[in-house]
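Analysis of the macromolecular model
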Amino acid sequence: MTNVITRFAPSPTGVLHIGSVRTALYSWLYARQNNGRFILRIEDTDKERSKKEFEDNIIDGLNWLGLNHDEFFRQSDRAVFYKERIIELIAKGAVYISKEEPKEPGERAEVLRFKNPNKVVTFRDEVRGDISFDTTELGDFVIAKDFDTPLYHFAVVIDDFDMGVTHIIRGDDAISNTPRQILIQEALGAPRPIYTHLPMILAPDKSKLSKRHGALAVTEYREEGYLPEAILNFVALMGWNPGNDQEIISLEEMIKLFSLEKVQKGGAVWNIDKLKWFNKHYIKLFPVGKVSDEIFARFPDALREKAEANPKIFGKIIPVIVDHISTFGEVHALAEAGEYDYFFDDPTYQRESLLWKDENEPHVAGQKLQKVLALIDDIDDAFFVPETIKTAIWGYATEAGRGSVLWPMRYALSGRDKSPDPFTLASILGKETTIHRIEGAIKLLLI
Ligand code: GLU
């Protein structure tokens, strides 16, 4: 088999969008799976709209995702090659200089046109099967404004030919470009690559996917605290599956399992919740040290200082934080909302908040907390972990009413309507702080 060469050919007219990542990923996977080569080609023929910052963003995003390329090209560096081919095709009679009626005064009066053989082009698409197209309607299309300014369709064909691209995997918005590109290939005597046009990714309401559906640039996901593994896994399954229900697939596995034949014909539908679900999964597998770095980095300054001053507590709250987030970015908002303050500082709250539902007797609640305090006091410091704390209190709580015992205990420790369970909280805070906070609540209840 010929050595597989694929390419990802973004135009640097915008940032690397998550939809394009799928094209890049499938091209990359196919090359890796076949021990082939993967080319990154920046298609900047549109000089006005192409920007270096977008090129940088695309490269940065791909690097971060780990989709490394074996070769790199930029169309603006290749003008001489396009020119050579134009000359070659003119010599062959396939391209001619066409005198044009300038639309505006001062406009060029010449362009280079392809002499259309006006025939039906049939090509095979790996997803859709055979596609036929009568090229007559294209007329003698323009391939370059002048010898130094090729148009996009022409540059693509020359590049794919020169670079030996065997498989073109791209979005199906490019499908209608294919017949014209094939005509140019044929005139050059270039081999026809194998085409796979990927069905578009649609918004949940089947409209065009956009930012408002949560589809962002890759670098924006990075800022929001998504992991590359999650993005790749999510993107891979938008339009492909390994033929079973397996959802969690590493990049290594994808290389083995990916197949162009299994790319689905129907448009894949975007689902941000699914992306979050993947991210939550991969965060849990992320090395603990890195998780705490990510979380620390997203703490507001004041909280960072507290975390630094209390490394033991900070270490203990990591799993609690992770349990409640899908992305690291959520940490910042939760921290700002005060969700983590009580781990470091005694909470303040109203006496009434300590009362469980219909329990309207502060004295009764106070007495129950006194019992809890006694039970906690009996636990050996060395065994102050959630299981032991729970065992110590559970019997009494069951007897006296779980809500009416555990609610005030939890509230005394966190001062919030929602927080981890009281046993986890107590173990994070440690015996001393736990006792101190419960004593404070008792005082408030028994005044
Ligand atoms: N530069 C084109 C785009 O960004 C690539 C089309 C192709 O892969 O041939 O849509």
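Here the structure is a predicted model, which means the values were calculated and not measured.

Moving on, we come to the overall build of the protein chain. Secondary structure summary: the protein chain contains 18 helices and 13 strands in total. For 447 residues, the compact-globule estimate of 2.2 N^0.38 gives 22 Å, and the C-alpha radius of gyration of the protein chain, at 32 Å, exceeds that figure by more than 25%. Counting only C-alpha atoms and orienting by the principal axes, one finds that the protein chain spans roughly 100 × 50 × 35 Å. Looking at the protein chain as a whole, 49% of its 447 residues qualify as buried. Within the protein chain, contacts between residues separated by at least 24 positions form 74% of all contacts whose residues are at least 6 apart in sequence. Separation between the mean location of the 56 positive side-chain charges and that of the 69 negative ones in the protein chain comes to 3 Å.

Side chains V121, F123 and D125 of strand β6 (residues 120-125) all project onto a buried face; the interleaved residues V120, T122 and R124 project onto a face where none is buried. Strand direction decides the pairing type here: β6 and strand β7 (residues 129-134), joined by 6 bridges, are antiparallel. What sits directly across from F123, in β7, is I131. Linkage of β6 to β7, two consecutive antiparallel strands, is achieved through a turn of 3 residues.

As annotated in UniProt, the feature "domain: Aminoacyl-tRNA synthetase class I anticodon-binding" (unreviewed entry) corresponds to residues 309-442 in the numbering used here. Between the C-alpha atoms that bound residues 309-442 there is a distance of 28 Å. The span itself is 68% helix and 0% strand.

Hydrogen bonds along the backbone pair up the strands of a sheet, which may run parallel or antiparallel. On the basis of which strands lie adjacent, the open sheet formed by 4 strands has the order β4-β5-β8-β9 and antiparallel pairing. Either end of the sheet is taken by a strand with one partner, and the two such strands are β4 (95-99) and β9 (149-150). Bridge count for strand β5 (residues 110-114) against strand β8 (residues 142-146) is 2 bridges, and the pairing is antiparallel. Opposite L112, over in β8, you have A144 as the bridge partner.

The next subject is the packing of helix α16 (residues 386-400) against helix α17 (residues 402-414). For the pair α16 and α17, interaxial distance at closest approach is 7 Å and the crossing angle is 135°. One way to sum up the angle between α16 and α17 is to call them oblique. Residues I389, I393, W394, Y396, A397, T398 and A400 of α16 form the contact with α17, whose own contacting residues are R402, S404, V405, L406 and M409. Classifying every residue of the contact of α16 with α17 gives 9 nonpolar, 2 polar and 1 charged.

As a further point, take the side chain of N57. Locating N57 in the fold gives a position in helix α2 (residues 52-65). Given the relative accessible area of 12%, N57 is considered buried. Reaching out from N57, the side chain makes a polar contact with the side chain of T219 at a distance of 2.9 Å. Filtering out sequence-adjacent residues up to four positions away, N57 remains in contact with V15, L16 and T219.

Per the stated rule, a full pass over the model turns up 17 aromatic pairs. Each ring, one from W277 and one from F278, has its centre 5.1 Å from the other, and the planes form 75°; the classification is edge-to-face. The class of W277 is partly exposed, set by a relative accessible area of 40%. Residue classification places F278 among the buried residues on the basis of a relative accessible area of 1%.

Further remarks concern the side chain of R180. Along the chain, R180 falls in helix α5 (residues 178-188). Here R180 is buried and forms no salt bridge, its nearest opposite-charge partner E137 lying at an N-O distance of 8.3 Å. When near neighbours in sequence (up to four residues on either side) are disregarded, R180 contacts L138, F141 and H153.

Backbone geometry at N35 places phi at a positive 50°, although glycine is not the residue there. The class of N35 is exposed, set by a relative accessible area of 68%.

Moving on, we get to the nonpolar core. Core analysis: the largest hydrophobic core is formed by 102 residues, its most contacted members being W270, I295, F299, F343, I393, M409 and I438. Ranked by residues supplied to this core, first place goes to helix α18 (residues 422-446) with 10 residues. Ranked by size, the runner-up nonpolar core spans 30 residues in total, among them I5, I86, A94 and V157.

Along the chain, M254 falls in helix α8 (residues 251-257). When its relative accessible area of 1% is taken as the criterion, M254 is described as buried. With 46 residues separating them in the primary sequence, M254 and K208 have C-alpha atoms 27 Å apart. The contact partners of M254, leaving out residues within four places of it in the chain, are L25, L29, L232, N233, A236 and I249.

Definitions and limits used
Residues numbered from 1 in each chain as written. Predicted model: local features only at pLDDT ≥ 70, side-chain atom pairs only at ≥ 80, totals over all residues. Heavy atoms only, no water. Helix = DSSP H or I, 4+ residues; strand = E, 2+ residues; numbered from the N terminus. Rg over C-alpha atoms; globule rule 2.2 N^0.38 Å. Buried < 20%, exposed > 50% of the residue type's maximum accessible area, 1.4 Å probe, protein only. Contact = heavy atoms within 4.5 Å. Lys, Arg positive; Asp, Glu negative; His and termini not counted. Charge placed at Lys NZ, Arg CZ, Asp CG, Glu CD. Pairing = 2+ DSSP bridges. UniProt positions renumbered as here; feature names shortened; annotations may be inferred. Axes fitted to C-alpha atoms, helices over the stretch in contact; angles between N-to-C directions. Parallel < 35°, antiparallel > 145°, perpendicular 65-115°, else oblique. Nonpolar A, V, L, I, M, F, W, Y, C, P; charged D, E, K, R; others polar. Polar contact = N/O pair within 3.5 Å; in protein donor to acceptor, adjacent residues only side chain to side chain. Phe/Tyr/Trp six-rings, centres within 6.5 Å; stacked < 30°, edge-to-face > 60°. Salt bridge = Lys/Arg side-chain N within 4 Å of Asp/Glu carboxyl O. Core = buried A, V, L, I, M, F, W, Y, C linked by side-chain atoms within 4.5 Å.

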